[in-house]
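Fold and geometry: a report
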Amino acid sequence: MGGKVTCTLGEVKNRADLIVYWGGNPAECHPRHFTKYTLTQKGKFVPKGRKDRTMILVDIRETPSAKAADIFLQVRPSKDFEVLTTLRALIKGQRVSAETVAETGLTLEQLQDFAERMKKARFGVLFFGMGLSMTRGKHMNSAALLSLAAELNAFTKFVAMPMRGHGNVTGGDVVMRWTTGYPFGVNLSRGYPRFNPGEFSTVDLLLRGDNDAALILGADPGATMPQPAIDHLARIPTIVLDPKVTHTSRLARVHITTAATGISAPGTVYRMDEIPLPLRPALKSPYPTDEDVVRRIYKAVAKKPAWFPGTK
Amino acid sequence: MLRITGGKVYDPANNINGQIKDICISDGRIVSEVEGGRTIDATGMIVFPGGVDVHTHVAGAALNFARAMIPEDHRRNAPYVRGERHRGGIGGATPTTYVTGYLYAGMGWTTVNEAAVPILSARHTHEELRDTPIVDKSCCVLLANNEILLDLLEAGETERARHVAAWQIWAAKAYGVKAVNPGGVAAWKWGKDAKGLYEPVPGYNKVTPAKIIAALASIVDDLGLPHPLHLHCNNLGAPGNYNTTLETMKVLEGKRAHLAHLQYHAYGGDDWFTMRSKSAEVADYFNAHPNLTTDAGAVLFGNTVTITADGPWQHLLYKLTGRKWGNLDVENETGCGIVPYVYKEKNLVNAVQWAVGLELLLLINDPWRVFLTTDHPNGAAFWRYPEIIQLLMDVNFRREQLKKLAPKALKRILLPELDRQYTLSEIAVITSAGPARALGLAHKGHLGIGADADVAIFNDSKDIARMFAYPRYVIKGGEVVIEEGEIRKAVEGRGYVVRPVYDEKIEDYIRPLFQQYYTMSFDNYPVELERLENPDIRSC
Ligand SMILES: [Zn+2]
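Every value quoted in this text rests on a predicted model; they were computed, and no experiment measured them.

**Focus on the overall build of chain A**
- Looking only at helices and strands, chain A features 14 helices and 13 strands.
- Reported as C-alpha extents along the three principal axes, the dimensions of chain A are approximately 65 × 40 × 35 Å.
- By the burial criterion, 49% of the 312 residues in chain A qualify as buried.
- In chain A, the proportion of contacts linking residues at least 24 apart, taken out of those at least 6 apart, comes to 56%.

**What to know about the overall build of chain B**
- Helix and strand counts for chain B come out as 18 helices and 28 strands.
- For a compact globule of 540 residues, the expected C-alpha radius of gyration is about 24 Å, and chain B comes in at 22 Å, within 12% of that figure.
- Considered along the principal axes of its C-alpha atoms, chain B spans approximately 65 × 55 × 45 Å.
- Within the span of chain B, comprising 540 residues, buried residues form 68% of the whole.
- In chain B, the share of contacts with a sequence separation of at least 24, taken over all contacts with a separation of at least 6, comes to 76%.
- When the accessible surface of chain B is totalled, it reaches about 17,400 Å², and 49% of it is carbon and sulfur.
- Separation between the mean location of the 57 positive side-chain charges and that of the 63 negative ones in chain B comes to 4 Å.

**Description of the domain arrangement of chain B**
Residues and elements named next belong to chain B.
- Structurally, chain B comprises domain 1 (1–49 + 446–489) and domain 2 (51–444).
- Interface area for domain 1 against domain 2, summed over the two sides, is near 2,400 Å², with a carbon-plus-sulfur share of 66%.
- Counting the contacts that link domain 1 with domain 2 gives 3 salt bridges.
- Across the pair K444 and D452 runs a salt bridge, and its minimum N-O distance is 2.9 Å.
- Of all the secondary-structure elements, those providing two or more residues to the side of domain 1 that touches domain 2 are β7 (45–49), β23 (455–459), α17 (464–469), β24 (473–476), β25 (479–483) and β26 (486–487).

**Concerning the coordination of the zinc ion**
Residues and elements named next belong to chain B.
- Within the protein, H55 (NE2), H57 (NE2) and D375 (OD) serve as the donor atoms for the zinc ion, at 2.0 to 2.1 Å.
- Taken in sequence order, the residues that donate to the zinc ion follow the motif H-x1-H-x317-D. Taken together, the residues H55 in strand β8 (residues 51–56) and D375 in the loop between β22 (370–371) and α13 (385–393) connect sequence positions 320 residues apart.

**Thoughts on the interface of chain B and chain A**
- The partner chain A presents 49 residues to the 55 residues of chain B that form the contact.
- Counting the surface lost from both chain B and chain A, the interface buries some 4,400 Å², and carbon and sulfur atoms represent 55% of this.
- The largest share of the area that chain B buries against chain A comes from R82, W190 and T519 of chain B, three residues that together contribute 16% of it.
- The interface formed by chain B and chain A includes 6 salt bridges.
- A salt bridge links K189 of chain B to E11 of chain A; its shortest N-O distance comes to 3.4 Å.
- Counting every contact that joins chain B to chain A gives 32 residue pairs in polar contact (both at pLDDT 80 or more).
- Residue classes in the side of chain B that touches chain A are distributed as 19 nonpolar, 18 polar and 18 charged.
- Note: strand β1 (residues 5–7) of chain A against strand β20 (residues 326–330) of chain B, 3 bridges, orientation parallel.

**A short note on the pairing of strand β4 (residues 23–26) of chain B**
Residue and element names in this part refer to chain B.
- Burial along β4 is two-sided: I23 and I25 facing one way and C24 and S26 facing the other are all buried.
- Alignment of strand β1 (residues 2–5) against β4, held across 3 bridges, turns out to be antiparallel. Bridge pairing in β4 places R3 opposite C24.
- Bridge count for β4 against strand β5 (residues 29–31) is 3 bridges, and the pairing is antiparallel.

**As for the packing of helix α9 (residues 242–251) of chain B against helix α10 (residues 279–287) of chain B**
Residue and element names in this part refer to chain B.
- Close contact between α9 and α10 brings their axes to 10 Å; oriented N to C, the two are set at 5°. With respect to α10, the axis of α9 lies roughly parallel. Within the contact between the two elements, α9 uses Y242, T245, L246, M249 and K250 and α10 uses E281, V282, Y285 and F286.
- The residue makeup of the contact of α9 with α10, split by class, is 6 nonpolar, 1 polar and 2 charged.

**Focus on the sheet that holds strand β6 (residues 38–41) of chain B**
All names here are of chain B.
- Strand order in the open sheet formed by 4 strands is β5-β4-β1-β6, with mixed pairing between adjacent strands. Pairing within the sheet leaves two strands with one partner each, and these edge strands are β5 and β6. Across the sheet, the mean angle from the axis of one strand to that of its neighbour is 30°, orientation sign disregarded.
- Direction of pairing for β1 relative to β6: parallel, over a ladder of 4 bridges. Of the residues in β6, the one forming a bridge with T5 is D41.

**Examining the domain arrangement of chain A**
- We note that the domain assignment places domain 1 (9–162) and domain 2 (169–302) within chain A.
- Using only C-alpha atoms to locate each centre, domain 1 of chain A and domain 2 of chain A end up separated by 33 Å.

**Remarks on the confidence of the model for chain A**
- Taken residue by residue, chain A gives an average pLDDT of 93. The fraction at 70 or more is 98%.
- Ranking the helices and strands of chain A by mean pLDDT puts strand β11 (residues 254–257) of chain A first, with 98, and helix α7 (residues 130–133) of chain A last, with 84.

**Section: the nonpolar core**
- F48, W354 and F468 of chain B are the most contacted members of the largest nonpolar core, which has 172 residues in total.
- Residue contacts for W354 of chain B: discarding those within four places in its chain leaves V299, L300, F301, L391, Q401, L402, L405 and L415 of chain B.
- Counting residues in hydrophobic clusters, the runner-up holds 32 residues, among them I91, L106, L111 and L148 of chain A.

**Details of helix α5 (residues 147–154) of chain B**
- Among the 8 residues of α5 of chain B, 7 are classified as buried, and the element is accordingly described as predominantly covered.
- Listed as buried for α5 of chain B are E147, I148, L149, L150, L152, L153 and E154 of chain B.
- Packing partners of the buried residues in α5 of chain B comprise α1 (9–15) of chain A together with α6 (158–171), α7 (184–188), α8 (209–223) and α18 (506–517) of chain B.
- For α5 of chain B, the side-chain oxygen to backbone nitrogen distance between the N-cap and I148 of chain B is 3.1 Å, and the N-cap itself is N146 of chain B.

**Re the packing of helix α9 (residues 169–180) of chain A against helix α1 (residues 61–69) of chain B**
- Relative to each other, α9 of chain A and α1 of chain B sit at 80°, their axes nearing to 9 Å. By the angle class used here, α9 of chain A and α1 of chain B are roughly perpendicular. Contacts between α9 of chain A and α1 of chain B involve V174, R177 and W178 of chain A from the former and N64, F65, R67 and A68 of chain B from the latter.
- By residue class, the composition of the contact of α9 of chain A with α1 of chain B is 4 nonpolar, 1 polar and 2 charged.

What counts and what doesn't
- Residues numbered from 1 in each chain as written.
- Chains lettered and ligands numbered in written order.
- Predicted model: local features only at pLDDT ≥ 70, side-chain atom pairs only at ≥ 80, totals over all residues.
- Heavy atoms only, no water.
- Helix = DSSP H or I, 4+ residues; strand = E, 2+ residues; numbered from the N terminus.
- Buried < 20%, exposed > 50% of the residue type's maximum accessible area, 1.4 Å probe, protein only.
- Contact = heavy atoms within 4.5 Å.
- Rg over C-alpha atoms; globule rule 2.2 N^0.38 Å.
- Areas by Shrake-Rupley, 256 points an atom, 1.4 Å probe, with all protein chains shown as cover.
- Lys, Arg positive; Asp, Glu negative; His and termini not counted.
- Charge placed at Lys NZ, Arg CZ, Asp CG, Glu CD.
- Domains from an automatic or database assignment.
- Buried area = accessible area lost by both parts, 1.4 Å probe.
- Salt bridge = Lys/Arg side-chain N within 4 Å of Asp/Glu carboxyl O.
- Donors = N, O, S within 2.8 Å, 3.2 Å for Na, K, Ca; no water.
- Polar contact = N/O pair within 3.5 Å; in protein donor to acceptor, adjacent residues only side chain to side chain.
- Nonpolar A, V, L, I, M, F, W, Y, C, P; charged D, E, K, R; others polar.
- Pairing = 2+ DSSP bridges.
- Axes fitted to C-alpha atoms, helices over the stretch in contact; angles between N-to-C directions.
- Parallel < 35°, antiparallel > 145°, perpendicular 65-115°, else oblique.
- pLDDT = per-residue confidence, 0-100.
- Core = buried A, V, L, I, M, F, W, Y, C linked by side-chain atoms within 4.5 Å.

Structure follows, in structure tokens:
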């Protein structure tokens, strides 16, 4: 199965009586999530708020989010996929042996209880974080969780949603899709979009040293990427647009200071559920907006002789 | 200034049927005479008003969700390589926005109506429409599962419901109102559906699908919107659903309505094994009721992706196909489901669907009330319209195609008995003049003095599919945008919007409900008019 069974956050607020966080620590990483959308909000069909909801946290370590949970399930590292697969079997009434479950760090009883709670929920939601999607198994883990959510719809209403963060990463993904058909990892060098994560993703290009220049906007790869990738950014002409000094701006050939979007520049931000919100700047900035700078660069580049695929 | 000379003109709205006639253009409009300027010699060609698509899905959260789900389709189709006057992109079942504009214009279509927009993500839809060049655009806002409205209908407050709906239409910067599976999508929020027109919607006591349909059709008529209620009936796709469709048409008596993609609503039988065409029953009733218009929602064999606000139907389709499933419920308003799909000639259900789309186009006798669509991308991608035109115009070609079906399928359909062939003039009606009139766009769909200068010029050829797939010239707003198979100018389109009248105080009613049930600031809910490129507010 591919795809995703999901909803906007207001559906969770109004309906969810079972909320599962998997491989994430919202208490610290998305501090408003509990209070604005999920746990403590009183919803149309969960009028008593927190009292009407059950929260289950699944993670490899006990984070501050565990305090908010009714049930905390500590999985052995790298065993998420096995747990998810077991749950998919259990909801369908298939037999699972206690020994196979043991290696996950959980007991069969715990998982049976979990499966039953999911099937009995009126409206359940699985939020999953980078602890699931960026650890061993990566997209296989996400796919298993998304399949679990889809298959639960044979019994009740169930949805899943990734816990995305890092500024407007969702907005970037959304706009890339309508302009190129793909969310990220797009190569336009042949004059049309090609998609191959693992080949054309930023980190892979940098690690192989394929690109001979970089324009970086709204991101600080110098803080998060592996050292050889950062070394390549330092080697090539790297241009950074950022309101502040960052790890990347320090190693860049050019740093253009821009107005901070949302504070002194207008724009649109897409929430993790892909709902667009307009940004109204509260302050004025002496610096140009990112959009201004990109438009000016584009105009200057457009004066150069054009290159089109098939021409020399 | 531009003169088109020597072409056979098909302008059914002005009773011009293949006469050789000059068409003169100045300042983006059709005029009676021009002096100087360019002349296009259209000798041996036919001249049509630009195509108008009354029902398509080309922009917004649901379509963009689908794009992410089908990278394999993007790879399968020829890419769109960037050139001096156009951007690169992807075609296929869910073309990227720029390519959507190029492909529609490249086929002679110059106006499109995006048929399903949630208010909550309307800002996103308008951002995409802004990035869809050349064509003019309008959109319909989804209201038939809006819980603020349903709660008002439950309470019997129809007057207030009208003000709320009017406010919502303007908040979404919409042009019309769409109803999808009335009550069924709201029920789907609990994993249920609304199948009986007169049964209460789950979660309500008095609200039934019939009540929602009647209320919304009246609201749209009372507000004087140029386009009637745009209705996707209950029980889409289900065997035996023609009864629901007939019942729905009865509910609509005395009111205007446009029934979307009628093909998906004209099946008999009790299950997938006994499913058969009921196009004759549906067409008969429809023919006798001039308050209604419809579009075909025709199916062509091949790969596509289905996208609809009808969440419960998509869950069923996922269970049937076992393939990918996307679902996106939108708080308090609507939902959407996405399932990639392949229509196969040898599959009985698919064969019936293919035949029913064509049957309805052939059995509905007034071409001014039935329009060419595939419910893009549900039945097939819009860029395959020329194939349908060929099927309609050439009975021998149709018979050839029928041979590809399983013999068993032929007993379930009427198509083998139908020998009607569309004329060029009728094609001009179902692709342009009719849908323009149904949308209430008086300056579209014809070539009379004062009309928008949207013109498509085709070779007059025996190879129908080819001639309609590759127009010689396409003119949009007086500018030559396509010539000799190339994009000459990717002009910007307009966005049509209506501003119905409502009591400004209605906001005081909506605001507290919004703050209670939604998750964004009320001030951020309505789409700013500035989000639209070239907004054109139509009076109502
Ligand atoms: Zn549709």
